[in-house]
Amino acid sequence: MRLSTLVGDCGIDANGFGDNAVTGFAIDHRKVAPGTVFGAFQGSAVNGEDFILAAVAAGAIAVVARPEAKVEGALHIGDPTPRRLFAQLAAKFFVPVPETIVAVTGTNGKTSTVEMARQLWRMAGNSAASIGTLGVTTPDGSVSTGLTTPDIVTFLSNMTGLAREGVTHVAYEASSHGLSQYRNEGLRVAAGAFTNFSRDHLDYHATMDDYFAAKMRLFDEVVAEGGTAVIWQGGDDWTAKATEHARERGLRVLAVGGQADGIGLLARTPTQLGQDLQVGYDGAATKVSLPLIGAYQAANALVAAGLVIATGGDPKTTFANLSRLQPVRGRLERAAINREGAPVYVDYAHTPDALEAAIAALRPHVEKRLLVVFGAGGDRDQGKRAEMGRVASQQADVVIVTDDNPRGEDPADIRRAVLSGAPGAQEIAGRRDAIAAAVSMAGAGDIVLLAGKGHEQGQIVGAGDQMRILPFDDVTVARECAAQEGSLT
């Protein structure tokens, strides 16, 4: 592709650089090769404009940056919102892409929802993948790790790679960071989903309104004209606002949950290994035996079904396939059973609402005590720590506060902040020691919940040049602790 072809559709004059062949895109000057279009963006820690000279020296033929940035020796594509324009140009280069693409935003439930959508598509005979916190999950279920929302070049490259492998359907997580930084622009997104909204990431977003506005870019700009907004009916003001955004854009709204006119959750009955759902759709009621526990897993499953139906999936087949869903890694995943027969569950819950939902999911299955082990991440929203402690203290029977990913903060300071909201909680600094204590303490009729890290395979300690990632997996540690007790796993 010639540079003139790439930029011409956007009304940009190539200014003598048009005959240059575009060979790739990069936002890291160290990845620039001859023919690269370089994106130079101002970030919170690094200013990409400082590396324009190095990028041009390495062979960049065009630089997308602010109009006032200084560019010599390459085409300066200036724009007040350079991240957005860079993404739009990159999307013209990275082709083909899968035919059907959907995105999921919300504070909690994104990972489970995109993975469940992938499973439902696969069960219906489609070649499907998901992209998000777990990484890129391919049609055969294999996973390559990644970020919740990777940078735009990686994201588009992944999409093209999947399409070339025959993938036709993709569901991806649209995080607030990714949406605000235009990390998933330029593709035709047929449907977007909104799961819920609660406090998180206020270390990045100034206010809850700013946080919500970032998520609403999914409906305001990213979902294609004529697309569908699948919205879980949380019964709060945020749900109503999300619906308003979708309708103002002219999107079709598919409400999910409660007595919704779209996909209604008419009844939910917990069972020993899951839950029975009564689902209403198009005037008919269907019974679904969902093999996953917890109200929020029912919500995620139905939102996933909504995305599949919104993109042409047969409703009857989709609802029937809900009974075949497999657990999502680190999302109320049963890791072990101790010697007394007490199960140990691992969940990624790291916000007050998510912790409350995980506890509520397990409570109907608890005969005696619910033991919760959790902490809070360092260098992240500090305001949620005491609130998480309060939730655990009020809703669990035994609370152990431990370390999560302390990063650059003193772990003791983080634990102290959590404990301020959890009077009577135990403090055990080492996460392995805390897990071992809970597993050993649990008796017949008890359940143990290990919250906060979910699928993560490491514990982040230190920051900057001192940062280390220590191998740590809650599931593996739980099994090891149970095995040391001479138990079943």
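Before any of the text, the structure's been laid out above.
What counts, and at which threshold
- Residues numbered from 1 in each chain as written.
- Predicted model: local features only at pLDDT ≥ 70, side-chain atom pairs only at ≥ 80, totals over all residues.
- Heavy atoms only, no water.
- Buried < 20%, exposed > 50% of the residue type's maximum accessible area, 1.4 Å probe, protein only.
- Pairing = 2+ DSSP bridges.
- Helix = DSSP H or I, 4+ residues; strand = E, 2+ residues; numbered from the N terminus.
- Axes fitted to C-alpha atoms, helices over the stretch in contact; angles between N-to-C directions.
- Phe/Tyr/Trp six-rings, centres within 6.5 Å; stacked < 30°, edge-to-face > 60°.
- Core = buried A, V, L, I, M, F, W, Y, C linked by side-chain atoms within 4.5 Å.
- Contact = heavy atoms within 4.5 Å.
- Salt bridge = Lys/Arg side-chain N within 4 Å of Asp/Glu carboxyl O.

Participant: Account for unusual backbone geometry, naming residues and giving values.
Facilitator: Leave glycine aside and you will find that most residues have negative phi; peptide bonds, for their part, are mostly trans. The omega torsion of the bond from Val95 to Pro96 falls at 0°, within 30 degrees of zero and hence cis. Its identity is not glycine, yet Asp379 carries a phi of approximately 55°, on the positive side. Assessed through its relative accessible area of 35%, Asp379 is described here as partly exposed. Not every positive phi belongs to a glycine, and Arg407 is a case in point at roughly 50°.

Participant: Explain the sheet that holds strand β4 (residues 75-78) to me, and be specific about the residues and the numbers.
Facilitator: The strands making up a sheet are joined through hydrogen bonds of the backbone, oriented either antiparallel or parallel. Spatial ordering of the open sheet is given by β1-β2-β3-β4, a layout of four strands whose pairing is parallel. Two strands bound the open sheet, and with one partner strand each, they are β1 (24-26) and β4. Put simply, the sheet's adjacent strands are angled 20° from each other on average, direction ignored. With three bridges joining them, strand β2 (residues 36-39) and strand β3 (residues 62-65) adopt parallel strand pairing. The residue of β3 that forms the bridge with Phe38 is Val63.

Participant: Hey, could you go over the packing of aromatic side chains for me, with residue numbers and the actual values?
Facilitator: Going through the model one piece at a time under the given rule, you end up with twelve aromatic pairs. Geometrically, the ring pair formed by Phe155 and Tyr172 is edge-to-face, given 4.9 Å between the ring centres and 70° between the ring planes. Remark: Tyr172 occurs in strand β9 (residues 169-173) and Phe155 occurs in helix α5 (residues 152-164); sequence separation between them is 17 residues. Summarising the burial analysis for this pair, Phe155 and Tyr172 share the class buried. Geometrically, the ring pair formed by Tyr281 and Phe319 is edge-to-face, given 5.9 Å between the ring centres and 70° between the ring planes. On the criterion of sequence distance, the pair formed by Tyr281 in strand β14 (residues 275-281) and Phe319 in helix α10 (residues 315-321) is long-range, its members being 38 residues apart.

Participant: Run through the sheet that holds strand β17 (residues 343-347), naming residues and quoting values.
Facilitator: The six strands lie next to each other as β16-β17-β21-β18-β19-β20, forming an open sheet whose pairing is mixed. The open sheet terminates on both sides in strands that have one partner only, identified here as β16 (333-337) and β20 (426-427). As judged from the four bridges shared by β16 and β17, these two strands associate in the antiparallel manner. Opposite Ala336, over in β17, you have Val344 as the bridge partner.

Participant: Which residues make up the nonpolar core, and what are the values?
Facilitator: Formed by 53 residues in total, the largest nonpolar core has its most connected members in Leu3, Phe25, Val37, Tyr172 and Phe219. Once you skip the residues sitting within four places of it in the chain, Val37 turns out to touch Leu3, Leu6, Val22, Gly24, Phe25, Ala26, Ala62, Val64 and Phe86. With 38 residues, the next largest nonpolar core counts Leu120, Ile263, Ala299 and Ala304 among its residues.

Participant: How would you sum up the pattern of salt bridges? Please name residues and give values.
Facilitator: Here the structure, examined in full by the defined rule, presents 20 salt bridges. Ionic pairing is found between Asp446 and Arg369, a salt bridge with its closest N-O pair at 2.9 Å. Within this pair, whereas Asp446 is found in the loop between α14 (431-441) and β21 (447-451), its partner Arg369 is found in the loop between α11 (352-362) and β18 (370-374), the two being separated by 77 residues in sequence. Salt-bridge contacts for Arg416 lead to Asp413; the nearest nitrogen and oxygen are separated by 2.7 Å. Taken together, the residues Arg416 and Asp413, both in helix α13 (residues 411-419) and three residues apart, mark about one turn of the helix.

Geometry only, nothing functional implied.
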